Amino acid sequence: MFALVDCNSFYVSCERVFQPGLANKPVVVLSNNDGCIISRSDEAKALGVRMGEPYFKVKPLIQRHGVRVFSSNYALYGDMSRRVMHYLASVAPEVEIYSIDECFLDLHGLEAYHGSLPKLAATWREQVMRRTHIPVCIGIAPTKTLAKLANRLAKKTPALKGVLQLNSEQLRQWALEQTPVEDVWGIGGQYAQKLWAQGISTAAQLASQSEGWARKQLGGVVGARLVRELQGTPCYALAPSEDGSLNRKSIACTRTFGEPLSEYTRVASAVAYFTSKAAEKLRRQGSAANVLTVFISKSRYGTEPPPHTHSAVLTLPTATSDTGELLRHARAALRRIWEPGAVYRKAGVLLDGLETAGQQQLLLFEPNEQAERRTKLMAELDKLNQRFGAGAVRFAAALPLKGEYVMPWVGQSQWQTPAYTTCWEDLLCIQA
């Protein structure tokens, strides 16, 4: 059996942890630059606020109903996610972190020791709530696809109290009949339209198709595995990290700019800042990156034809977490894709091919003493920033340009709450 644990309205729930007065009130969280709705409370959903809707379009509705609005606070959300995942990793044999608010658990063998899996899952829900005040729902099934489906129904059916196990053919069939085909894990918008055109509107109808039909209609072996998973045959195992830790498999730092940028120096400053932040995260989890990707994006709503996003991927000579080295490669990647005169709205850096720092293959002709000095330098840099605050010591490439006091690419975040759990200055003060 597999379980899929999903945090309910995660970003909203994180805000409610430190502001209990928001309970049972409509709340939304906005994306970078206060652009779109990316998290909604149940009360906001009931008012008709849709996911992904631009804020300026729903602003009249939000103001009319007194909906509380928050800018995204990823430092807080990331730390709350870590707390949830670490608890689940302590009680389950294996964990696969699927996203910031979702993870798969391997439950094989637990029933023999704990009895009822739904009772065990209910205990985990209570413990997560007690430890973090984040509400979660848990779906249990013989395949990962069915576990996803069970979680969705557990969330939408109050009578289930947040837990559903599909442990019989009758329950599996009922769950499939309750699920529109577009809500099946792995079915995107194009496939959903194709299936609807063929009269397949529910997961039950999709599960009744043959493997040969799935291969022909749903992209070969991937489609066949999807149908088999819906039929109760596991085709996908958990994919935990190789070292058994909860470390990320890739690290990204991307932002939409606060204003359009067309000057190379300003975009380069933004890319340098994103690279520095990604490098800090890399060192924090004790990893080194082999691959670096830089991308820059123009507005999708402009007059220029696609593609609107260009990227450059570099395989590094040796895996590294050195900010200076990563900045050098990031600048080289940016030069490859830069278009003079173009106006850019977004940029980002992705670090991939991660391996354990200190165990990477070094260059044959690079002196070990130099690598050791750079490692010590980065460690001291991180210590200073931990002691005096994030960004107290930075590389000059990531600083504002001469004569500027505010980095022009910094996005809007006028309703951002403090980083309650990761910054000393933002700790809550309670007077008794």
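This one's a predicted model, so the numbers in the text were calculated from it and none came from an experiment.

Conventions and cut-offs
- Residues numbered from 1 in each chain as written.
- Predicted model: local features only at pLDDT ≥ 70, side-chain atom pairs only at ≥ 80, totals over all residues.
- Heavy atoms only, no water.
- Axes fitted to C-alpha atoms, helices over the stretch in contact; angles between N-to-C directions.
- Helix = DSSP H or I, 4+ residues; strand = E, 2+ residues; numbered from the N terminus.
- Parallel < 35°, antiparallel > 145°, perpendicular 65-115°, else oblique.
- Contact = heavy atoms within 4.5 Å.
- Nonpolar A, V, L, I, M, F, W, Y, C, P; charged D, E, K, R; others polar.
- UniProt positions renumbered as here; feature names shortened; annotations may be inferred.
- Core = buried A, V, L, I, M, F, W, Y, C linked by side-chain atoms within 4.5 Å.
- Buried < 20%, exposed > 50% of the residue type's maximum accessible area, 1.4 Å probe, protein only.
- Disulfide = S-S within 2.5 Å.
- Pairing = 2+ DSSP bridges.
- Phe/Tyr/Trp six-rings, centres within 6.5 Å; stacked < 30°, edge-to-face > 60°.

Enquirer: Help me understand the packing of helix 1 (residues 10-18) against helix 4 (residues 74-91), please; the structure alone is not making it clear to me.
Expert: Each pair of packed helices can be described by the angle between their axes along with the distance between the axes. In contact at an axis separation of 10 Å, helix 1 and helix 4 are set at 95° when each is read in the N-to-C sense. In terms of axis orientation, helix 1 runs roughly perpendicular to helix 4. Counted together, F10, Y11, C14, E15, V17 and F18 of helix 1 and Y74, L76, Y77, M80 and S81 of helix 4 form the full contact between these two elements. Here the contact of helix 1 with helix 4 is built from residues that sort into nine nonpolar, one polar and one charged.

Enquirer: Just to check I follow, could you spell out the UniProt feature "domain: UmuC" (unreviewed entry) in the protein chain for this structure?
Expert: Following the UniProt record, one finds the feature "domain: UmuC" (unreviewed entry) at residues 2-188. End-to-end, the C-alpha atoms of residues 2-188 are 23 Å apart, and along that stretch the chain is 46% helix and 20% strand.

Enquirer: Where do I start with the nonpolar core in this structure?
Expert: One recurring pattern in soluble globular proteins is that nonpolar side chains are buried together. Formed by 36 residues in total, the largest nonpolar core has its most connected members in F10, L88, L105, L107, W124 and I134. Among the elements of the structure, strand 1 (2-7), helix 1, strand 2 (27-30), helix 4, strand 6 (102-106), helix 6 (117-132) and strand 7 (136-141) are those that each provide at least two residues to this core. Of all the elements, helix 4 adds the most residues to this core, at seven residues. Look past the residues within four positions of I134 in its chain and what remains in contact with it is C7, F10, S13, C14, V17, M80, V84, V128 and M129.

Enquirer: Sorry, what's going on with the state of the cysteines here?
Expert: Every disulfide links exactly two cysteines, by a covalent bond between their sulfur atoms. Inspection of every chain in the model, using the stated rule, returns zero disulfides. The thiol sulfur of C36 is not disulfide-bonded, and the nearest other cysteine sulfur, from C253, lies at 19 Å. Looking at C103, it has no disulfide partner, and the nearest cysteine sulfur is the one in C7, 7.6 Å off.

Enquirer: Help me understand the sheet that holds strand 9 (residues 251-261) in this model?
Expert: Each strand in a sheet pairs with another by means of backbone hydrogen bonds, the pair being arranged parallel or else antiparallel. Spatial strand order, 9-12-10-11: four strands in an open sheet with antiparallel pairing. Sheet topology places strand 9 and strand 11 (309-320) at the edges, where each strand pairs with a single neighbour. Here the strands of the sheet are splayed against their neighbours by 15° on average, with no regard to which way each runs. Pairing geometry for strand 10 (residues 287-297) and strand 12 (residues 344-356), over ten bridges, is antiparallel. Residue pairing in the sheet places T293 in a bridge with L350 of strand 12. Against the sheet, helix 13 (residues 264-284) touches strand 9, strand 10, strand 11 and strand 12, its axis set at about 155° to strand 9. This element, helix 14 (residues 323-337), spans strand 10, strand 11 and strand 12 of the sheet and lies at about 150° to strand 11.

Enquirer: Please clarify how unusual backbone geometry should be interpreted in this entry.
Expert: If a residue is not glycine, its phi is most likely negative; likewise, a peptide bond is most likely trans. The phi dihedral of N24 is positive, around 65°, even though this residue is not glycine. Note that N24 resides in the loop between helix 1 and strand 2. For N24, a relative accessible area of 65% gives the class exposed. With a phi angle near 65°, H133 is a residue other than glycine that sits in the positive phi range. Among the structural elements, H133 can be located in the loop between helix 6 and strand 7.

Enquirer: Any chance you could explain the packing of aromatic side chains here in plain terms?
Expert: Both the distance between ring centres and the angle between the ring planes are used here to describe each pair of aromatic rings. Per the stated rule, a full pass over the model turns up twelve aromatic pairs. The interplanar angle of 50° and the centroid separation of 6.0 Å between the aromatic rings of F10 and Y11 together place this pair among those described as tilted. Taking the centre distance of 6.0 Å and the plane angle of 80° together, the rings of Y11 and Y74 count as edge-to-face. Here Y74 lies in helix 4 and Y11 lies in helix 1, a separation of 63 residues in the sequence. On the basis of relative accessibility, which here comes to 16%, the residue Y11 falls in the buried class. Among the residues examined, Y74 registers a relative accessible area of 31% and is labelled partly exposed. By way of ring pairs, the aromatic residues F10, Y11, Y74 and Y77 are connected into one cluster.

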